[in-house]
Amino acid sequence: MSHREKPTDPKPYYEAHVFCCTNRRQAGHPRGSCADKGSEALRDYMKGRARQLGIDNVRVNNAGCLDRCELGPTVVIYPEGVWYSCPTKEDIDEVLQKHLIEGGRVERLMLHTADKKPEDRAKRSESREAAE
């Protein structure tokens with residue numbers, strides 16, 4: 001239990017919330033935007049696919065800026081607070097299966113707090129592959 005949770009709190013309505021960034025910035029903005037990377041269609045796909053898979057104790061929500069558009073399209077799952085970059089439907093499928101159904105993690109898609117640019121993720125991926 002976190003320091004914010006109290007024993008008298010009501011049971012959560014959903015087991016988890018998935019927030020999909022659909023932020024849209026002006027064309028040519030140096031940070032880009034998740035919407036320009038197809039996040040709205042990916043969010044819609046995730047919602048529909050979750051229903052098809054019978055994931056009914058999880059809410060997939062639209063989110064405004066999550067402040068990580070450079071790494072997007074970004075998705076964050078609470079209460080775990082795990083962030084992902086999910087640029088394809090296949091990535092969405094993997095997160096739904098591994099994280100929300102099985103309770104695991106999709107390491108290759110996870111964003112870490114030190115990740116600020118796509119190159120940061122690429123370096124971490126290269127290090128992981130070299131270690132294997």
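Check the entry above for the structure.
Bear in mind the structure is a predicted one, so any value in this text is a computation, not a measurement.

S.K.: Before we move on, could you go through the overall build of the protein chain and cite the residues and values that matter?
M.R.: Tallying secondary structure elements over the protein chain gives three helices and five strands in all. When its helices and strands are written in sequence order, the protein chain yields β-α-β-β-β-α-β-α. In the protein chain, buried positions account for 37% of the 132 residues. Here the analysis covers contacts within the protein chain between residues at least 6 apart in sequence; of these, 60% occur between residues at least 24 apart. By element, 49% of the accessible surface of the protein chain is carried by carbon and sulfur atoms, the whole surface being about 8,200 Å².

S.K.: Kindly report on the state of the cysteines, identifying the contributing residues and their values.
M.R.: Tallying each qualifying case throughout the model produces zero disulfides. Take Cys-21: it sits in no disulfide, and the sulfur closest to it among the cysteines is that of Cys-34, at 3.6 Å. Sulfur of Cys-69: no disulfide; nearest cysteine sulfur belongs to Cys-34 and is 3.8 Å away. Using a relative accessible area of 0% as the deciding quantity, one classes Cys-69 as buried.

S.K.: Which residues make up the pairing of strand β3 (residues 74-78), and what are the values?
M.R.: The buried fraction of β3 is high, at four of five residues. Across four bridges, the pairing between strand β1 (residues 16-21) and β3 is antiparallel. Opposite Phe-19, over in β3, you have Val-76 as the bridge partner. Where β3 folds back on strand β4 (residues 82-85), the antiparallel hairpin that results is connected by three residues, among which Gly-81 adopts a positive phi of roughly 75°.

S.K.: Mind laying out the packing of aromatic side chains, listing which residues take part and the relevant values?
M.R.: Under the counting rule described, the total for this entry stands at two aromatic pairs. A ring pair is formed by Phe-19 and Tyr-78, whose centres lie 6.2 Å apart and whose planes are at 65°; its orientation type is edge-to-face. Of the two residues, Phe-19 sits in strand β1 while Tyr-78 sits in strand β3, which places them 59 residues apart along the sequence. The lysine or arginine in question, Arg-68, covers the ring of Trp-83, its NZ or CZ lying 5.2 Å from the ring centre.

S.K.: Would you mind going over the nonpolar core in detail, with residue names and values included?
M.R.: When a protein is soluble and globular, its nonpolar side chains tend to lie buried together. Grouped together as the largest cluster of nonpolar side chains are 21 residues, with contacts concentrated most on Val-18, Met-46, Ile-77, Tyr-84, Val-95, Leu-96 and Leu-100. Every element with two or more residues in this core is listed here: β1, α1 (39-52), β2 (58-63), β3, β4 and α2 (89-101). At four residues, α2 tops the list of elements feeding residues into this core. Among the nonpolar cores identified, the runner-up in size contains nine residues, and Ala-63, Cys-69, Val-76 and Leu-111 belong to it.

S.K.: Can you tell me about the environment of Leu-71, naming the residues and giving the values?
M.R.: The residue Leu-71 is located in the loop between β2 and β3 in this model. In this structure the C-alpha to C-alpha distance between Leu-71 and Leu-111, which are 40 residues apart in sequence, comes to 8.1 Å.

Reading guide: rules and limits
Residues numbered from 1 in each chain as written. Predicted model: local features only at pLDDT ≥ 70, side-chain atom pairs only at ≥ 80, totals over all residues. Heavy atoms only, no water. Helix = DSSP H or I, 4+ residues; strand = E, 2+ residues; numbered from the N terminus. Buried < 20%, exposed > 50% of the residue type's maximum accessible area, 1.4 Å probe, protein only. Contact = heavy atoms within 4.5 Å. Areas by Shrake-Rupley, 256 points an atom, 1.4 Å probe, with all protein chains shown as cover. Disulfide = S-S within 2.5 Å. Pairing = 2+ DSSP bridges. Phe/Tyr/Trp six-rings, centres within 6.5 Å; stacked < 30°, edge-to-face > 60°. Lys NZ or Arg CZ within 6 Å of the ring centre and 35° of its normal. Core = buried A, V, L, I, M, F, W, Y, C linked by side-chain atoms within 4.5 Å.

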